[in-house]
Amino acid sequence: MTAADFLVTTPLPDPGMRLLEAAGSVTVAASRMTRAELADACESGDYRVVVAQLQDEFDAALLDRAKIAGISNFAVGYNNIDIAAATANSIIVGNTPGVLTDATADLALLLILAVARRCVEADTFVRSGKFSGWEPELLLGHDVSGRTLGLAGFGRIARATARRALAFGMTVNFSPRPPGERVVSTEELGEFAGRVHQLAWPELVATSDYLSVHVPLTDETRHLVDESVFRSMKSSAILINTARGPIVDETALVAALRDGTIAGAGLDVYEDEPRLAAGLAALPNTVLLPHIGSATVPVRAEMARRCAENAVAIARGELPPYPVNPEARAR
Ligand code: NAP
Ligand code: GLV
């Protein structure tokens, strides 16, 4: 390989940096790169592969001028990259699917339970010295077992969430490509055949006690969950979002939570991350996490390994093991 094979915008957890350093030369950005700095670096011809994070935005204007062979994204989601523009410019993109599925599904279940059982409120109550003994009506919440979970999307993380919800005795429904329709065959359902039920999006919204979002952020899914969806939900329903913030209209969510249109929300992602919509942080019927769906030590290590393997393969002119747009190579 030539000099300056990898530009790393944020250092990877172990073993990511070791794998990159063993394969070629590595430049690590001194601090979070602005869009202009990232564009200049991509245009400079000094780097073959950018090892990127989901806050690094690669829009069409940047990609049209970039002189890089590829981008290895340290995430399964890749909405920060204009894939059509990358493909048009023969820029290969890699991501880290699979290894974070269970951890993210664990977090979706955690949010369901935490909102339902008012976990954060209860913890704060105890720590602030207010607990004066068992009371019949102290911090009453919502049931989980026997309730209905609606999954927006039925990919890897949604299925892993379904597995957990079924074990909790929930009824599980899903809509595979909301708001559109796509019939999932019995064969595709696999282990879930007869155990979960496909519903049209409006029906899923109207019947769910917990509505959990598991689709990628695209032009079609931006504000999939908006004011009209909140109005169609049960007033006792709880929204869970571990996918991407802009899929939910966060301002409309705050209004729906304030006026009782829905009962609660558990969020790991935000529309304008890391900023929160006005009023969200003050609402007691929410549990708010800082985008930690995949944040376990082993999972981040496996993501770093996949991310580095993708980057090394791209730098060598090979197809990465986890490609998003393999067709870019043929161009
Ligand atoms: P996946 O296996 O690719 O599943 C995606 C699901 O969304 C599938 O049901 C897919 O339908 C559907 N879908 C795809 N494009 C769509 C569109 N344009 N409109 C509506 N539905 C569409 O993805 P995954 O691994 O489960 O991950 C899902 C998302 O979770 C990621 O994209 C990422 O944004 C997010 N995530 C967040 C965290 C976190 O830290 N909070 C961690 C990991 C992932 P088809 O089967 O028909 O394609
Ligand atoms: C995290 O949000 C990911 O997409 O991996």
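Residues numbered from 1 in each chain as written. Chains lettered and ligands numbered in written order. Predicted model: local features only at pLDDT ≥ 70, side-chain atom pairs only at ≥ 80, totals over all residues. Heavy atoms only, no water.

**Side note on the overall build of the protein**
The condition is simple: The numbering of helices and of strands both runs from the N terminus, where a helix is a DSSP run of H or I of at least 4 residues and a strand a run of E of at least 2. In this treatment the radius of gyration is a C-alpha quantity, and the globule benchmark scales as 2.2 Å times the residue count to the 0.38 power. With a 1.4 Å probe rolled over the protein chains alone, any residue whose accessible area is under 20% of its type maximum counts as buried; one over 50% counts as exposed, and the rest are partly exposed. By definition, residues are in contact when any of their heavy atoms lie within 4.5 Å.
Looking only at helices and strands, the protein has twelve helices and twelve strands in total. Against the 2.2 N^0.38 benchmark of 20 Å for 331 residues, the protein shows a C-alpha radius of gyration of 21 Å, consistent with a compact globule. Across the 331 residues in the protein, those meeting the buried criterion constitute 50%. If you take every contact in the protein between residues at least 6 apart in sequence, the share linking residues at least 24 apart comes to 61%.

**Quick word on the packing of aromatic side chains**
Cut-off, in case you're wondering: Note on aromatic contacts: the rings of Phe and Tyr and the six-membered ring of Trp form a pair at centre separations within 6.5 Å, being stacked when their planes are under 30 degrees apart, edge-to-face when over 60 apart, and tilted otherwise.
Tallied over the full model, the rule gives two aromatic pairs. Between F154 and F174, the aromatic rings sit 4.1 Å apart at their centres with planes inclined by 20°, giving stacked as the arrangement. Of the two residues, F154 sits in the loop between β6 (148–152) and α7 (156–167) while F174 sits in strand β7 (residues 171–175), which places them 20 residues apart along the sequence. Neither residue differs from the other here; F154 and F174 are each classed as buried. On the basis of an interplanar angle of 70° and a centroid distance of 5.5 Å, the ring pair of F154 and F192 is categorised as edge-to-face.

**A short note on the site of ligand 1**
As a reminder, the rule being used: When we say a residue is near a molecule or strand, we mean one of its heavy atoms is within 4 Å of it. As used in this structure description, the phrase polar contact means that two N or O atoms lie within 3.5 Å; if the pair is within protein, one of them must be able to donate a hydrogen and the other to accept it, and residues adjacent in sequence are counted only when both atoms belong to side chains. Here the open area of atoms and residues is found with the Shrake-Rupley method and a 1.4 Å probe, where only the protein chains shown may cover a residue.
Taken together, 26 residues form the shell around ligand 1, and within it F154, R177, R182, T242 and D268 come nearest. Backbone polar atom of F154 to an oxygen atom of ligand 1: 2.8 Å apart, as the coordinates give it. Note that a nitrogen atom of ligand 1 is positioned 2.8 Å from one of the side-chain N or O atoms of D268. For ligand 1, the protein covers 84% of the area, taking 930 Å² as the surface of the free molecule.

**Overview of the pairing of strand β10 (residues 238–241)**
Operational definition: Here the rule is simple: two strands pair whenever DSSP picks up at least two bridges between them. Seen with its strands pointing away from the viewer, a crossover is right-handed if its path from the first strand over the helix to the second goes clockwise.
Burial of the side chains of β10 extends over both faces: I238 and I240 are buried on one face and L239 and N241 on the other. In this structure, strand β9 (residues 210–213) lies alongside β10, joined through four bridges in parallel fashion. By the bridge assignment, L211 is partnered in β10 with L239. Remark: the β9/helix α10 (residues 227–232)/β10 crossover connection has right-handed handedness. Strand direction decides the pairing type here: β10 and strand β11 (residues 264–267), joined by four bridges, are parallel. Across the sheet, residue I238 finds its bridge partner in β11, namely G264.

**Considerations on the side chain of H214**
For H214, the location among the structural elements is in the loop between β9 and α10. Among the polar contacts made by the side chain of H214, one reaches the side chain of S212 at a distance of 2.7 Å. Non-local contacts of H214, meaning those with residues more than four positions away in its chain, are made with A108, L151, A152, G153, I157, A158, T161, T242 and A243.

**With respect to the pattern of salt bridges**
Using the following cut-off: For this analysis, a salt bridge means a side-chain nitrogen from Lys or Arg found within 4 Å of a carboxyl oxygen belonging to Asp or Glu.
For the structure on display, the rule yields 14 salt bridges. A salt bridge links R164 to D106, with the shortest nitrogen-to-oxygen separation between them at 2.6 Å. Taken together, the residues R164 in helix α7 and D106 in helix α5 (residues 101–116) connect sequence positions 58 residues apart.

**Regarding the domain arrangement of the protein**
Interfaces are often sized by the accessible area lost when the parts come together. Quick reminder of the rule: Either an automatic procedure or a domain database provided the assignment from which the domain bounds are taken. For any pair of parts, buried area is found by adding up, for both, the accessible area (1.4 Å probe) each one loses once the two are put together. When residue character is reported, Ala, Val, Leu, Ile, Met, Phe, Trp, Tyr, Cys and Pro are called nonpolar, Asp, Glu, Lys and Arg charged, and the others, Gly included, polar.
Per the domain assignment, the segments making up the protein are domain 1 (6–99 + 298–330) and domain 2 (101–288). One C-alpha centre belongs to domain 1, the other to domain 2; they are set 31 Å apart. Domain 1 puts eight residues into the contact, and the matching count from domain 2 is five residues. In total, domain 1 and domain 2 occlude about 540 Å² of area from one another, counting both sides; carbon and sulfur atoms represent 49% of this. The interface formed by domain 1 and domain 2 holds zero salt bridges in total. Along the contact surface separating domain 1 from domain 2 lie two residue pairs in polar contact (both at pLDDT 80 or more). Its residues placed into classes, the side of domain 1 that touches domain 2 shows five nonpolar, three polar and no charged.

**Description of the UniProt feature "domain: D-isomer specific 2-hydroxyacid dehydrogenase catalytic" (unreviewed entry) in the protein**
Quick note on the threshold: UniProt positions are given in the numbering used here, feature names are shortened, and annotations may be inferred rather than shown by experiment.
On the UniProt side, "domain: D-isomer specific 2-hydroxyacid dehydrogenase catalytic" (unreviewed entry) is annotated at positions that read residues 7–325 here. In residues 7–325, helix accounts for 35% and strand for 14%; the two terminal C-alpha atoms are 20 Å from one another.

**So, the site of ligand 2**
Around ligand 2, the neighbouring residues are L54, A75, V76, G77, L100, R244 and H291. Between V76 and ligand 2, the recorded distance is 2.8 Å, taken from a backbone N or O atom to an oxygen atom. For ligand 2, whose unbound accessible area comes to 200 Å², protein coverage reaches 86%. Grouping the amino acids of the shell around ligand 2 by side-chain chemistry returns four nonpolar, two polar and one charged.

**Let's talk about unusual backbone geometry**
Note that the residue after D14, namely P15, is joined by a cis bond; omega there is 10°. Looking at the secondary structure, you find P15 in the loop between β1 (6–8) and α1 (16–23). In this chain, E273 is followed by P274 through a cis amide linkage whose omega measures 5°. Tracing the backbone shows P274 in the loop between β11 and β12 (286–288).

**Concerning α7**
Note the following rule: Multiply 1.5 Å by the residue count of a helix minus one, and that product is the helix's expected span.
Under the 1.5 Å per step criterion, the end-to-end length of α7 is 17 Å for twelve residues, consistent within 8% with the ideal 16 Å. Of all the residues in α7, the buried ones are I157, A158, R159, A160, T161, A162, R164, A165 and L166. On its buried side, α7 packs onto α5, β6, β7, α8 (186–189) and β8 (196–198).

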